[in-house]
Amino acid sequence: MPPTPGADPRPLTDEPLGIDLLNTRWIDAAGYHDLLDSLDGLATWLAAPLVRQALGDPPATADHDTLERLLQARAALDRAVVNPRNPDPDAVEALNAVLAHGRRGHLLRSDGPDTFVEVRNPSWLPGWRAAEDYLRLLAERPERIRPCGNPECVLHFYDVSKNGTRRWCSMAGCGNRVKAQRHYARRKKA
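So, here's what we can say about the structure. (Residues numbered from 1 in each chain as written. Predicted model: local features only at pLDDT ≥ 70, side-chain atom pairs only at ≥ 80, totals over all residues. Heavy atoms only, no water.)

1. Some words on the environment of Lys188
Here's step 1: For Lys188, the position within the fold is in helix 7 (residues 171-189).
Here's step 2: Residues Lys188 and Gly18, spaced 170 residues apart in sequence, show a C-alpha to C-alpha distance of 41 Å. (Helix = DSSP H or I, 4+ residues; strand = E, 2+ residues; numbered from the N terminus.)

Structure below.
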């Protein structure tokens, strides 16, 4: 029986799937956290509304194989997100290794055109979908894939603001923290 998912403890959720997978690790006042350090954490991530919507039915299974493959996909995305516009050859190879485990196909049904996803093994579906989604973001607006502007934060986001000037994973968290530090430094200097 798969583990029962708990409440999602991550500070930033609802990013596109490829970025959301990267954000399964975060740092807060209590230290470093990794949601994917257990099957329970995997079950929590798989139960997130955005993830469930992206994966469709039937839901992915929170098992050791899925976790291993998802960690491989996250590691590949980690390498690729360092320089989205010009990833190094190792990052390209790592992401392509994940993408090699599935494909998107097109077909005509009686009610019109349709697409489908095939993966070699169902345990590859979450990681493959996250990698595919990252490619979609690269095709749309690679300059909008960003790390948080707080150097102590490990989160990423896809900037959907109108003018494309978002700097923080969260204005309430990192944005206010960095601005308060700057204010304190200016006051101390004066």
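Let's pick the thread back up.
2. Structural notes on the pairing of strand 4 (residues 112-119)
Here's step 1: With eight bridges joining them, strand 3 (residues 102-109) and strand 4 adopt antiparallel strand pairing. Bridging from a neighbouring strand, Arg109 pairs with Gly112 of strand 4.
Here's step 2: Between strand 3 and the antiparallel strand that follows it, strand 4, lie two residues. (Pairing = 2+ DSSP bridges.)

3. Some remarks on the nonpolar core
As a rule of thumb, nonpolar side chains are buried together in soluble globular proteins.
Here's step 1: Counting residues in hydrophobic clusters, the biggest one holds 44 residues, and the most contacted among them are Leu21, Trp45 and Leu95.
Here's step 2: Going through the elements one at a time, helix 1 (17-22), helix 2 (39-47), helix 3 (49-55), helix 4 (64-81), helix 5 (89-99), helix 6 (125-140) and strand 6 (156-158) are the ones with two or more residues in this core.
Here's step 3: When residues in this core are grouped by element, the largest group, seven residues, is from helix 4.
Here's step 4: Dropping the residues within four chain positions of it, Trp45 is found in contact with Arg10, Leu17, Asp20, Leu21, Thr24, Leu35, Leu36, Val51, Leu70 and Pro126. (Core = buried A, V, L, I, M, F, W, Y, C linked by side-chain atoms within 4.5 Å. Buried < 20%, exposed > 50% of the residue type's maximum accessible area, 1.4 Å probe, protein only. Contact = heavy atoms within 4.5 Å.)

4. What to know about helix 5
Here's step 1: Within helix 5, burial applies to Ala91, Ala94, Leu95, Val98 and Leu99. Looking straight down helix 5, one finds that the buried residues subtend no more than 140° of arc, so they occupy a single side. Opposite the buried face of helix 5, at more than 90 degrees from it, the exposed residues are Pro89 and Glu93. (Arc of directions from axis to C-beta.)

5. Overview of the packing of helix 4 against helix 5
Here's step 1: Remark: helix 4 packs on helix 5, axes separated minimally by 8 Å, with the N-to-C direction vectors making an angle of 150°. As judged from the angle between their axes, helix 4 and helix 5 are roughly antiparallel. Taken as a pair, helix 4 and helix 5 cross one another with a handedness that is left-handed. Along the contact surface, helix 4 presents Gln72, Ala73, Ala76, Leu77, Arg79 and Ala80, while helix 5 presents Asp90, Ala91, Ala94, Leu95, Ala97 and Val98.
Here's step 2: A breakdown of the residues in the contact of helix 4 with helix 5 according to their chemical character gives nine nonpolar, one polar and two charged. (Axes fitted to C-alpha atoms, helices over the stretch in contact; angles between N-to-C directions. Parallel < 35°, antiparallel > 145°, perpendicular 65-115°, else oblique. Left-handed = near helix turned anticlockwise from the far one by under 90°. Nonpolar A, V, L, I, M, F, W, Y, C, P; charged D, E, K, R; others polar.)

6. Here's the deal with the pattern of salt bridges
Between side chains of opposite charge, a pair can form when the charged atoms approach closely.
Here's step 1: Within this structure, the stated rule accounts for 15 salt bridges.
Here's step 2: The partner of Arg136 in a salt bridge is Asp133, and the shortest N-O contact between them spans 2.8 Å. Here the residue Arg136 and the residue Asp133 both occupy positions in helix 6, the gap between them amounting to three residues, near one helical turn.
Here's step 3: Judged by relative accessible area, which is 36%, Arg136 ranks as partly exposed. (Salt bridge = Lys/Arg side-chain N within 4 Å of Asp/Glu carboxyl O.)

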